[in-house]
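Coordinate inspection notes
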2 protein chains.
Amino acid sequence: MTDSRQPSPPIPSNADVTRLALIRAALKLFGSKGFEATSTREIATAARANIGSIAYHFGGKEGLREACAHHVVETIRTVAGPAMRIAPEDLPPDEAETLLTTAIERMVSLVVASPEAGEFVPFMLREVMQPSSALDIVYEGVFEPVHTRFCQLWERATGEPAESERTRVTIFSLIGQVLYFRIGRVAVLRRMGWDAIDEGRARLIAEIATGNARAILKARRDKGR
Amino acid sequence: MTDSRQPSPPIPSNADVTRLALIRAALKLFGSKGFEATSTREIATAARANIGSIAYHFGGKEGLREACAHHVVETIRTVAGPAMRIAPEDLPPDEAETLLTTAIERMVSLVVASPEAGEFVPFMLREVMQPSSALDIVYEGVFEPVHTRFCQLWERATGEPAESERTRVTIFSLIGQVLYFRIGRVAVLRRMGWDAIDEGRARLIAEIATGNARAILKARRDKGR
DNA sequence: GTCTATAAACAGATAGAC
DNA sequence: GTCTATCTGTTTATAGAC
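For clarity, every value in this text was computed on a predicted model and none was experimentally measured.

Next up on the list: the protein's contact with DNA strand C. DNA strand C sits among 14 residues. The nearest are A:Thr40, A:Arg41, A:Lys61, B:Thr18 and B:Asn50. Sugar and phosphate atoms constitute 62% of the interface atoms of DNA strand C, taking the interface as everything within 4 Å of the protein. Interatomic distance of 2.8 Å between a side-chain N/O atom of A:Arg41 and a base nitrogen of DNA strand C. One of the side-chain nitrogen or oxygen atoms of B:Tyr56 is found 3.2 Å away from a phosphate oxygen of DNA strand C. Elements that contribute at least two residues to the surface near DNA strand C include exactly helix H2 (40–46) of chain A together with helix H1 (14–33) and helix H3 (52–58) of chain B.

This brings us to the packing of helix H8 (residues 165–183) of chain A against helix H10 (residues 199–224) of chain A. All names here are of chain A. Interhelical geometry of H8 versus H10 gives an angle of 165° and a closest axis separation of 10 Å. Considering their axes alone, H8 and H10 lie roughly antiparallel with respect to each other. Like other packed secondary-structure pairs, H8 and H10 cross with a definite hand, here right-handed. Taking contact as the criterion, the partners of Arg166, Thr170, Leu174, Gln177, Val178 and Phe181 in H8 are, on H10, Ile205, Ala209, Asn212, Ala213, Ile216 and Arg220.

In the vicinity of DNA strand D there are 15 residues, among which A:Thr18, A:Asn50, A:His57, B:Thr40 and B:Arg41 approach most closely. When the atoms of DNA strand D within 4 Å of the protein are sorted by group, sugar and phosphate make up 59%. The contact in question runs from a phosphate oxygen of DNA strand D to an N or O atom on the side chain of A:Thr18, over 2.8 Å. Contacts to DNA strand D include A:Asn50, whose side-chain N or O atom sits 3.0 Å from a phosphate oxygen. Where the surface near DNA strand D is concerned, the elements lending two or more residues are helix H1 (14–33) and helix H3 (52–58) of chain A together with helix H2 (40–46) of chain B. Looking at side-chain class alone, the surface near DNA strand D contains three nonpolar, nine polar and three charged residues.

Turning next to the pattern of salt bridges. As enumerated under the stated definition, the model contains 25 salt bridges over all chains in all. A salt bridge links B:Glu42 to B:Lys33, with the shortest nitrogen-to-oxygen separation between them at 2.6 Å. Taking the relative accessible area as the measure of exposure, B:Glu42 reaches 28% and is therefore partly exposed. Overall, B:Lys33 belongs to the partly exposed group, its relative accessible area being 28%. For B:Arg168, the salt bridge is made with B:Glu163, and the minimal N-O distance between the two is 4.0 Å. Through salt bridges with shared partners, a single network forms among A:Glu62, A:Arg65 and A:Glu127.

Among the secondary structure elements, A:Tyr139 is positioned in helix H7 (residues 135–158). Given the relative accessible area of 7%, A:Tyr139 is considered buried. With 71 residues separating them along the chain, A:Tyr139 and A:Cys68 place their C-alpha atoms 13 Å apart. Excluding residues within four positions of it along the chain, A:Tyr139 makes contact with A:Glu144, A:Pro145, B:Ala187, B:Arg190 and B:Arg191.

Attention now moves to the packing of aromatic side chains. Within the structure shown, the criterion is met by six aromatic pairs over all chains. For the ring pair A:Tyr180 and B:Phe172, a centre distance of 6.2 Å and an interplane angle of 40° mean the geometry is tilted. Within this pair, whereas A:Tyr180 is found in helix H8, its partner B:Phe172 is found in helix H8 (residues 165–183), the two belonging to separate chains. Both residues of the pair, A:Tyr180 and B:Phe172, belong to the buried class. In textbook terms, an aromatic cluster arises when at least three aromatic residues are bridged by ring pairs, as seen for A:Phe172, B:Tyr180 and B:Phe181. Lying over the aromatic face of B:Phe35, B:Arg65 brings its terminal NZ or CZ to 3.6 Å of the ring centre. Looking at B:Arg190, its charged tip hangs above the ring of A:Tyr139, at a distance of 4.7 Å from the centre.

What counts, and at which threshold
- Residues numbered from 1 in each chain as written.
- Chains lettered and ligands numbered in written order.
- Predicted model: local features only at pLDDT ≥ 70, side-chain atom pairs only at ≥ 80, totals over all residues.
- Heavy atoms only, no water.
- Near = heavy atom within 4 Å.
- Polar contact = N/O pair within 3.5 Å; in protein donor to acceptor, adjacent residues only side chain to side chain.
- Helix = DSSP H or I, 4+ residues; strand = E, 2+ residues; numbered from the N terminus.
- Axes fitted to C-alpha atoms, helices over the stretch in contact; angles between N-to-C directions.
- Parallel < 35°, antiparallel > 145°, perpendicular 65-115°, else oblique.
- Left-handed = near helix turned anticlockwise from the far one by under 90°.
- Contact = heavy atoms within 4.5 Å.
- Nonpolar A, V, L, I, M, F, W, Y, C, P; charged D, E, K, R; others polar.
- Salt bridge = Lys/Arg side-chain N within 4 Å of Asp/Glu carboxyl O.
- Buried < 20%, exposed > 50% of the residue type's maximum accessible area, 1.4 Å probe, protein only.
- Phe/Tyr/Trp six-rings, centres within 6.5 Å; stacked < 30°, edge-to-face > 60°.
- Lys NZ or Arg CZ within 6 Å of the ring centre and 35° of its normal.

Here is the structure:
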């Protein structure tokens, strides 16, 4: 009935709609409450589907978790892919620095954004805190490529080898300073006396995070001489 | 029977031993697996106590969580208390900077240390990720005082007001860069090709974290002129 | 205080009607 | 594909013996 054979943009079938609704609801609940704390009934209700549909589409709760991981990877690949593909060779140091700070700014937006895309981050953070079958998917699909990319930009900006221990650990510290604004969100809100992180506050955070990165970059360059 | 009336060092009764064993086991399990994913039976077995003892001593699972929070606060207060009480007034900038970097080094040891004290950190991070009745206890007992302390040292080192938005956000970024080595531990291990974080690796992380702090400090001081 | 038995609620998985 | 009824196991909390 709804089948019109278009090759390029596939028309979402009725089943696909249910499937996606389940993934979206699960992603949100897994991220905010945790996998074990979320019941399949809760997910089905939030997705306006029935409990049986989880078993039908994903084989079970664990399968749904993995489907969520794939969905996160695919979505991030779509939005961040183009920027990731710019070859780092032949980049002058100051352009590499600009790309790096821009990447940090984007990360702050993603991490701090309340709804929509921001749901991905808690899910991934929980996966990495408590490795499961879905960790490999998000690690290889997001963590590893993003970290590697940052390391390459760092090399172009400072001259330090991208894969040296020092560079890799430094990049983790740079990423960590941003991610904490999601993990410790309630502590941040309470300590700052904020009720939410609006755009202006997100800009302040981004400004400080990129400022930090530039300061560290500068210190390393000066030392390298 | 075991009651010898010594006022200062109270002899631990049989009940106190069970109580502490339960808290310790729960702290470890809540931290590593999460509150909901941990069953009371599991805790009782790990503590070599019976299930009923949790209801008896803490009223239930939720009460045990709060007892864990109090235990964490008390322990941290004992070990970090003395350093926290050094008055920040009249501190010359370079001494404030030294105190700040020393505090970061200690935080790295605590965060990266696998067993013992390191069990506190995952517990607190989970609490802050998913606020519960125990969050207030750890927030007011640890998060808030530590953050405030860092802000005061920052003021002495840079001249920026301790309670300005900029300072408070900066301190969060400084703390976040360290905490991520616990949250993203498995990602760090995998990306670094490490099987564990031994003392030498912990020193590398501490060196980079303190180096970052000094670089940011320097940039801010230069800008302030 | 310790320990066991049990109650009442809830979990995820499954079979089968539609 | 959707939806419901049900099975089986597990959960926390509780009552009561010792």
